[in-house]
Amino acid sequence: MSRSIIKFAAMILVIALLSFVALYGLDLSDKFHMPGILDPDGVIQGLDLKGGSVIVYEAQVENPTEEQMNTVSSMLRTRLDSMGYPEATITKQGEKKVRIEIPSMSNPEMAADSLGATAQLQFVDYEGNVIITGNEVKTAAAEYGPTDSMGASSHYVSLEFTDEGAQKFSEATGRIAGLPQGQNFIAIVMDDTAISMPMVQTQINDTACIITGDFTSEAATNLAANIKSGQLPFTLEQVELRSVSATLGETALKTSLIAGLIGFILVMLFMLLIYRLMGLVADIALLLYVALTGILLATLHINLTLPGIAGIILAIGMAVDANVVIFERIKEELKLGKTVRAAVDAGFNRALTAVIDSNITTIIAAVILLWLGTGTIKGFGTTLLIGVVLSMISAIFVTKFLLKQMIGMNVKNLWFYGIKKAKEEVK
Amino acid sequence: MLNITGNKKIYLTIPAILVIISIVSLIFVGFNLDTDFAGGMAVTYKIESKFTTEDVTKTVADVLGKAPTSVQASGDEVVVKFGYDNNLKTDAEKSDYALGKLEEISKALNEKYGSVVETNKDVISPSTGKELASNALWMSILSVILILIYITFRFEFVSGVVAVLCLAHDVLLLCGIYSILNISIDVNFIAAVLTVLGYSINNTIVIFDRIRENTRHAKKQTYAEIANNSVNQTLFRSLNTTITTLLTIGMVYIMGVTSIKAFAMPIIIGILVGTYSSIFVAGSIWSMWRDSAVKAKKN
């Protein structure tokens, strides 16, 4: 009997420790760091929770190759980084779409235009002959300072040519400087829009040049980013644009967590009321399920979305299902007059197939959501899958372990197992 | 003890009629597709001062030159949705139109109500919506096929077919209710339907599991009796599980923000119709099929 109590207490201790780890993480010296759900580097909140923007682009060609799409992704990455959004994520969606998620930005229109620009930079003469393209630019940078003889400061973009580019530039400026007034200029064109048209007075033998225009600081940064990242292999069209403010996300998160907590408590009370001592055991297993889910969310850095939270909460309700199946079975066996020990064994054995079969169908649906779904649906599929698998494990193994210790402690009054009066119901 | 197989005429006729009504509505009325599917613009405003839905609708209609798709208010927030101009051809033109109109609407509302803040904004191209709809259909079909294969493998083909029939009943009723009540459906509806596909079958499987067990032991009973016993033996379990799941998802519906309510509602409906079909439909159809097969053998 005392061994059972020790085992029972040990399991409770393990669950308490796991709950603590789930909340606060685990740090062992400097080498091992495991974040908890309360740590900032733990759970990654989706855009619908912390606010931000989603932009989806579609390639305007039939059947782009995977290599082309990879090029697009890496170029978008460079652009995002140099525009000041290193925390943005890029994911491929289907064969010709790219999904960009930028946290904490709720005004995506301007970024969207610039991000999706083809970035075809050309220097052309008055007849439209191309002198230099973006390929002959080594680097580009946004700068601020005086740009004209009057000394007025403005935002501009400085370019540095490759050797070949400098050569061409030198030749062209020499030729254009000799042209009559009205023809002696170079147009700097970005994606068919002329940004500036500087006059050329003399031949320029320099590897650098600047582009001026009515730039804001942001516009200059974006332009430099686009020139630097190079030219996209095809046009991108923006097909989806979503933004959520941080305040809405915060409310959504808070209300969902409160809903989850109340639902959790209600389910625990319900189990206690219907199954008494067995219900208590199921509640302990449920705590373990919640702790394990928390640990998994934090360590795997799962992107938690609003439907994702709904998935976890829904799984709390489903989690006790396995226990309900098993407990009902145990009650039946008890009513047949079996001893508690035999009834618990038989209940688990007989209910096991039903539990596994019924959970696998939910797993099938969750895997399909995770595999084929996009955006928030994927988030829901992930947490649903985690929820179903973990709850099945905790409901089968942990409950069984605890119930056995309970029997070991000689708890044999049938009232504790949810049967009203032993004599009346045993036929 | 419930006599389910004995009263199968009533228990099967009611859902049959409801399914037919749902199908008729789905064919002739269809869905009220949200901007997620139809493409368009959805924007949420937080308005500090007092406002009425009618006034906001009128302001938006004045800007658009036509009525918006929908205007829904909850608390100090109002969600405005509108589609594209049908004359526009390319996605780029449509997107420009939507963003331009959005700016005008924000301005008009600001003039009328003072401090108006945009808290959420979705611009979706029509092609995205079409892709989403076909993607959803494929996900559902794939789920059903896999579930059918699994049940056939674990139980038998008859059980698999009956389980899928019950699923069809659950999903058709769920979609039918949304069609008849003209509730708009968005991307999360797909996730909800797939959850119902995977979850509402749980009860059916637990019943089939019991039937599988009882068939082994009972030799002299008819299949109708076996089915009836099995449904009754698992009745408490079916109800209790439904209650615990409803407790949690119900709280999400009661407490949640607008978008999560729209997600919780179809799951709640799906769980309810799923519980009905598991208890009152699955066993009866299964036993009818098996008993008629026995009769056919005897003749």
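Residues numbered from 1 in each chain as written. Chains lettered and ligands numbered in written order. Predicted model: local features only at pLDDT ≥ 70, side-chain atom pairs only at ≥ 80, totals over all residues.

Once that is clear, we can look at the overall build of chain A. When you go through chain A residue by residue, the secondary structure sums to 11 helices and 15 strands. Relative to a compact globule of 427 residues, whose C-alpha radius of gyration would be 22 Å, chain A shows 32 Å and is clearly more extended. Taken along its principal axes, the extent of the C-alpha atoms in chain A is 115 × 45 × 35 Å. Across the 427 residues that make up chain A, the buried fraction comes to 44%. Relative to all contacts within chain A whose residues are 6 or more apart in sequence, the contacts with residues 24 or more apart total 74%. (Helix = DSSP H or I, 4+ residues; strand = E, 2+ residues; numbered from the N terminus. Rg over C-alpha atoms; globule rule 2.2 N^0.38 Å. Buried ≥ 20, exposed ≤ 12 C-beta atoms within 10 Å, placed from the backbone. Contact = placed C-beta atoms within 7 Å.)

Right, let's get into the overall build of chain B. For chain B, the count of helices and strands is 11 helices and six strands. Relative to its length of 299 residues, chain B is extended, with a C-alpha radius of gyration of 24 Å against a globular reference of 19 Å. Scored against the burial criterion, the 299 residues of chain B give a buried share of 47%.

Judged by nonpolar contacts, the single largest core of 198 residues is most densely connected at A310 and L369 of chain A. For this core, the element with the highest residue contribution is helix 7 (residues 246–299) of chain A, accounting for 21 residues. Ignoring sequence-local partners within four residues, the contact set of A310 of chain A consists of S256 and F380 of chain A together with V252, I260, F263 and A264 of chain B. (Core = buried A, V, L, I, M, F, W, Y, C linked by C-beta atoms within 7 Å.)

The next thing to look at is the domain arrangement of chain B. According to the domain assignment, chain B contains domain 1 (8–33 + 129–298) and domain 2 (40–124). Just the C-alpha atoms count here: the centres of domain 1 of chain B and domain 2 of chain B sit 39 Å apart. (Domains from an automatic or database assignment.)

Each side of the interface is counted separately: chain A has 56 residues, and chain B has 56 residues. If you list the elements that add at least two residues to the side of chain A that touches chain B, you get strand 14 (236–244), helix 7, helix 8 (306–335), helix 9 (340–372) and helix 10 (375–408) of chain A. Here the element with the most residues in the side of chain A that touches chain B is helix 7 of chain A; it accounts for 14 residues. Alignment of strand 14 of chain A against strand 5 (residues 116–124) of chain B, held across five bridges, turns out to be antiparallel. Bridge pairing links E240 of chain A to I124 of chain B in strand 5 of chain B. (Pairing = 2+ DSSP bridges.)

Let us look at the sheet that holds strand 9 (residues 137–146) of chain A. Working definition: the strands of a sheet are paired by backbone hydrogen bonds and lie parallel or antiparallel to each other. Residue and element names in this part refer to chain A. Ordered by their spatial adjacency, three strands build an open sheet running 9-10-13, and the pairing between neighbours is antiparallel. The open sheet is flanked by strand 9 and strand 13 (208–215), the only strands paired with a single partner. For this sheet, the mean angle separating the axes of adjacent strands, direction not counted, is 25 degrees. Bridge analysis of strand 9 against strand 10 (residues 153–161) gives nine bridges, and the strand direction is antiparallel. The partner of A141 across the bridge, within strand 10, is S158. Sheet strands touched by helix 6 (residues 217–229): strand 9, strand 10 and strand 13. Its angle to strand 9, the strand with the most contacts, is close to 165 degrees. (Axes fitted to C-alpha atoms, helices over the stretch in contact; angles between N-to-C directions.)

Residue and element names in this part refer to chain A. Count of turn residues in the strand 9/strand 10 antiparallel hairpin: six residues, of which G151 carries a positive phi of about 85 degrees. Pairing of strand 10 with strand 13 involves five bridges; the strand directions are antiparallel. Within the sheet, the bridge partner assigned to E160 lies in strand 13 and is A208.

Residue and element names in this part refer to chain A. Judged by pairing direction, the sheet is antiparallel, and its four strands sit side by side in the order 8-7-11-12 without closing on themselves. Only two strands of the sheet have a single neighbouring strand rather than two, namely strand 8 (130–133) and strand 12 (193–196). Averaged over all pairs of adjacent strands, the angle between strand axes in this sheet comes to 35 degrees, irrespective of strand direction. With four bridges connecting them, strand 7 (residues 121–124) and strand 11 (residues 187–190) associate as antiparallel partners. Bridge assignment links F123 to a residue of strand 11, and that residue is I188.

Describing two packed helices takes the angle between their axes plus the distance from one axis to the other. Residue and element names in this part refer to chain B. Contact geometry for helix 8 (residues 201–217) and helix 11 (residues 258–298): axes closest at 8 Å, N-to-C directions at 35 degrees. In this structure, the crossing between helix 8 and helix 11 has a hand that is right-handed. Taking contact as the criterion, the partners of N203, T204, I207 and I211 in helix 8 are, on helix 11, G274, T275, S278, A282, G283 and W286. Residue classes in the contact of helix 8 with helix 11 are distributed as four nonpolar, six polar and no charged. (Left-handed = near helix turned anticlockwise from the far one by under 90°. Nonpolar A, V, L, I, M, F, W, Y, C, P; charged D, E, K, R; others polar.)

Residues and elements named next belong to chain B. Strand direction decides the pairing type here: strand 3 (residues 70–74) and strand 4 (residues 77–82), joined by five bridges, are antiparallel. In the strand pairing of strand 4, S70 is matched with K81. A loop of two residues connects strand 3 with strand 4, the two strands running antiparallel in sequence, and G75 in this loop sits at a positive phi of about 65 degrees.

Before going further, it helps to examine the packing of helix 6 (residues 157–180) of chain B against helix 11 of chain B. Residues and elements named next belong to chain B. In contact at an axis separation of 8 Å, helix 6 and helix 11 are set at 145 degrees when each is read in the N-to-C sense. By crossing handedness, the relation of helix 6 to helix 11 is classed as right-handed. Partitioned by chemical class, the residues of the contact of helix 6 with helix 11 number 16 nonpolar, six polar and two charged.

On to the domain arrangement of chain A. Assigned domains of chain A: these are domain 1 (2–43 + 246–425) and domain 2 (52–244). A separation of 54 Å is found between the C-alpha centroids of domain 1 of chain A and domain 2 of chain A.

Below, the discussion takes up the environment of Y156 of chain A. All names here are of chain A. On the secondary structure map, Y156 appears in strand 10. For Y156, a count of 21 C-beta atoms within 10 Å puts it in the buried group. Sequence spacing of Y156 and A141 is 15 residues, and the spatial spacing of their C-alpha atoms is 8.5 Å. With residues near it in sequence (within four places) discarded, Y156 still touches E143, T147, I210, I211, T212, F215 and A220.

Residues with a pLDDT of 70 or more make up 99% of chain B, whose mean pLDDT is 87. Both confidence scores are given for the complex: pTM 0.79, ipTM 0.84. (pLDDT = per-residue confidence, 0-100.)

Further remarks concern helix 10 (residues 235–255) of chain B. The terminal C-alpha atoms of helix 10 of chain B lie 30 Å apart, and with 21 residues this matches the ideal 30 Å at 1.5 Å per residue to within 8%. Along its length, helix 10 of chain B shows its largest kink, about 25 degrees, at L247 of chain B. (Expected span 1.5 Å × (residues − 1). Bend = angle between axes of the 7 residues up to and from the residue.)

What follows concerns the environment of G129 of chain B. Residues and elements named next belong to chain B. Topologically, G129 is positioned in helix 5 (residues 126–154). Judged by C-beta crowding, with 21 C-beta atoms within 10 Å, G129 ranks as buried. Between the C-alpha atom of G129 and that of G39, which follows or precedes it by 90 residues, the distance is 5.7 Å. Discounting chain neighbours no more than four positions away, the residues touching G129 are D36, F37, A38, G39 and I124.

Bringing the confidence of the model for chain A into the picture now. Residue and element names in this part refer to chain A. Here chain A averages 83 in pLDDT, while 98% of its residues score no lower than 70. The lowest-confidence element of chain A is helix 11 (residues 422–425), averaging 46 in pLDDT; the highest-confidence one is helix 7, averaging 90. Confidence drops under a pLDDT of 50 for residues 422–427, and excluding neighbours within four residues, the segment shows seven contacts in the predicted structure.

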